[in-house]
Amino acid sequence: AAGMKTTLLVAAAGLLVGGCASTTPQAPDTAWTLVWSDEFDKPGAPDPAKWTYEEGYIRNDEAQYYTRDRRENARVQHGNLVLECRKEPVKNAAYIPGSTDEHTRRPGGDYTSASLTTFGKAAWTFGRLEIRAKVPAGLGVWPAIWMLGDNIPKVSWPHCGEIDIMEFVGHTPGLVHGTAHFAKPKNAPAKPAPKPGDVTWDDTHLSSGGKLPVSPPPSSDFHTYAVEWDTQHIDFFYDGKPYHRFDVDDAGLGADNPFRRPQYLILN
C-alpha cells in the first residue's frame, strides 16, 4: 500500500576488546573492555562523529534507494536507532541515460531506505562486536548488521572480506544467518571433505556460514547479535548462543588474509 513502512530498530551497538584468544567461544561479558559504543540516546540524527551514509543504488540490484541524512529513513528516537524503508517515489541523483551500471542505470524507483556505516570513522581488528536490534518481517526485507574491510576502495569485494553478524531474509522468517565471505586465498590450507557449515563455493567467492532456526521468529522482539573475533576464529552468537565458527586460516595463511585487517560496521 502507498506509504508502507518497514523498520529496523537498533537499541545499542558496541565493540568490546580484551580477553585472550581461546579455542572455545567466550561467554558474553567475559574479560572484555568497551572501546566503542553507541547507545542511541540523543534524539534526532545519528551521531555524525560515528556514522556516515551510503547513498543511492548500492549493491545486488536491490529495490531501495539509500538516502543521506534524511530523518524519514534514519533517526534516533526513544533510545533506538530507526532505519526505515518507505514505499514512495524517489529519483536517482546518479542516473545516466543508457547506462548498464546498477548504480546509474535506473532513473529512480519506489522505495527509500538508509544504510549507516562507520567507514572512515571507525574500524577494528579482533574483539567482540554486539548489536541489540529488532528486525522487520515480511517478504522482500533483507536487513543486515555486517562488516567490510576498510581497504575495499583499494582491493574491492570480496578481497576486502565481509563478516555478516546478522542477516535476516524475509522469506525464511525462522532463520538467523551469520556468514564470513572472502576471495579464494592464494595459499589456502588443505581441508578435509566439506561438512555442513564448512567453506563453500559460489561463482565469485568463498563463504562460511551458519543458519540458526529460532522460534518465535527474530522479528517478534529485540535480540542480541554478536561475533567474537580473534586471530584464529570468528564465532557467531544469537542471544549468547554460539551457532557457527569460522576458522580465519581458511581465508589465507599470509598477510593478505582480510580477517587479520580492520573492518568497519554497516547497518542497513
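Here, the structure is the one placed above.
Note that this is a predicted model, so its numbers are computed, not measured.

### Here's the deal with the overall build of the protein
- When you go through the protein residue by residue, the secondary structure sums to 1 helix and 18 strands.
- Relative to its 268 residues, the protein shows a buried fraction of 49%.
- Relative to all contacts within the protein whose residues are 6 or more apart in sequence, the contacts with residues 24 or more apart total 67%.
- Accessible area for the protein stands at about 12800 Å²; split by element, carbon and sulfur atoms hold 55% of it.

### Topic: unusual backbone geometry
- Omega for the bond connecting W157 with P158 falls within 30 degrees of zero, at 10°, which places this linkage in the cis form.
- Its location among the elements puts P158 in the loop between α1 (152-155) and β11 (162-167).
- Here the phi dihedral of N60 falls at roughly 60°; this positive angle occurs in a residue that is not glycine.
- Mapped onto the elements, N60 comes out in the loop between β3 (52-53) and β4 (64-66).

### Topic: the nonpolar core
- Membership of the largest hydrophobic core comes to 45 residues, with the highest contact counts inside it found for I165, F259 and L265.
- Here this core takes 4 residues from strand β1 (residues 5-17), the largest share from any one element.

### Some points on the packing of aromatic side chains
- Applying the stated rule across the entire model yields 11 aromatic pairs.
- With a centroid separation of 5.4 Å and an interplanar angle of 40°, the aromatic rings of F182 and F246 are classed as tilted. Linking F182 in strand β12 (residues 175-182) with F246 in strand β17 (residues 241-247), this pair joins segments that are 64 residues apart in sequence.
- Note on F236 and Y243: the rings are 6.5 Å apart at their centroids and 55° apart in plane angle, and the pair reads as tilted. The same class applies to F236 and to Y243, which are both buried.
- Of the aromatic side chains, those joined through ring pairs into one cluster are W36, F40, W51 and W124.
- Lying across the ring of Y57, R106 places its NZ or CZ 3.8 Å from the centre.
- The ring of F237 has R128 lying over it, and the distance from NZ or CZ to the ring centre is 5.4 Å.

### Things to note about the side chain of H177
- Within the secondary structure layout, H177 lies in strand β12.
- On the basis of relative accessible area, H177 is assigned to the buried category, the value being 12%.
- When neighbours within four sequence positions are excluded, H177 is seen to be in contact with D164, I165, M166, E167, V169, T172, G210, K211 and Y243.

### A short note on the pairing of strand β16 (residues 233-238)
- Of all the 6 residues making up β16, 6 are buried; the element is thus mostly covered by neighbouring parts of the structure.
- The loop that links strand β15 (residues 223-229) with its antiparallel partner β16 comprises 3 residues.
- Taken together, the 6 bridges between β16 and β17 define a ladder with antiparallel strand orientation. When the sheet's bridge partners are listed, I234 is paired in β17 with F246.
- The turn linking β16 back onto β17 is made up of 2 residues, and D239 within it adopts a positive phi angle of 50°.

### Re the environment of P143
- Among the secondary structure elements, P143 is positioned in the loop between β9 (127-134) and β10 (144-149).
- The buried category is assigned to P143, whose relative accessible area is 5%.
- Spatially, the C-alpha atoms of P143 and V169 are 7.3 Å apart, while their sequence positions differ by 26 residues.

### Some points on the environment of Q77
- Among the secondary structure elements, Q77 is positioned in strand β5 (residues 74-77).
- Once the C-alpha coordinates of Q77 and G44 are considered, the two residues, 33 residues apart in sequence, prove to be 6.7 Å apart.
- Within polar-contact distance, the side chain of Q77 engages the side chain of R75 at 2.9 Å.

About the criteria used
- Residues numbered from 1 in each chain as written.
- Predicted model: local features only at pLDDT ≥ 70, side-chain atom pairs only at ≥ 80, totals over all residues.
- Heavy atoms only, no water.
- Helix = DSSP H or I, 4+ residues; strand = E, 2+ residues; numbered from the N terminus.
- Buried < 20%, exposed > 50% of the residue type's maximum accessible area, 1.4 Å probe, protein only.
- Contact = heavy atoms within 4.5 Å.
- Areas by Shrake-Rupley, 256 points an atom, 1.4 Å probe, with all protein chains shown as cover.
- Core = buried A, V, L, I, M, F, W, Y, C linked by side-chain atoms within 4.5 Å.
- Phe/Tyr/Trp six-rings, centres within 6.5 Å; stacked < 30°, edge-to-face > 60°.
- Lys NZ or Arg CZ within 6 Å of the ring centre and 35° of its normal.
- Pairing = 2+ DSSP bridges.
- Polar contact = N/O pair within 3.5 Å; in protein donor to acceptor, adjacent residues only side chain to side chain.

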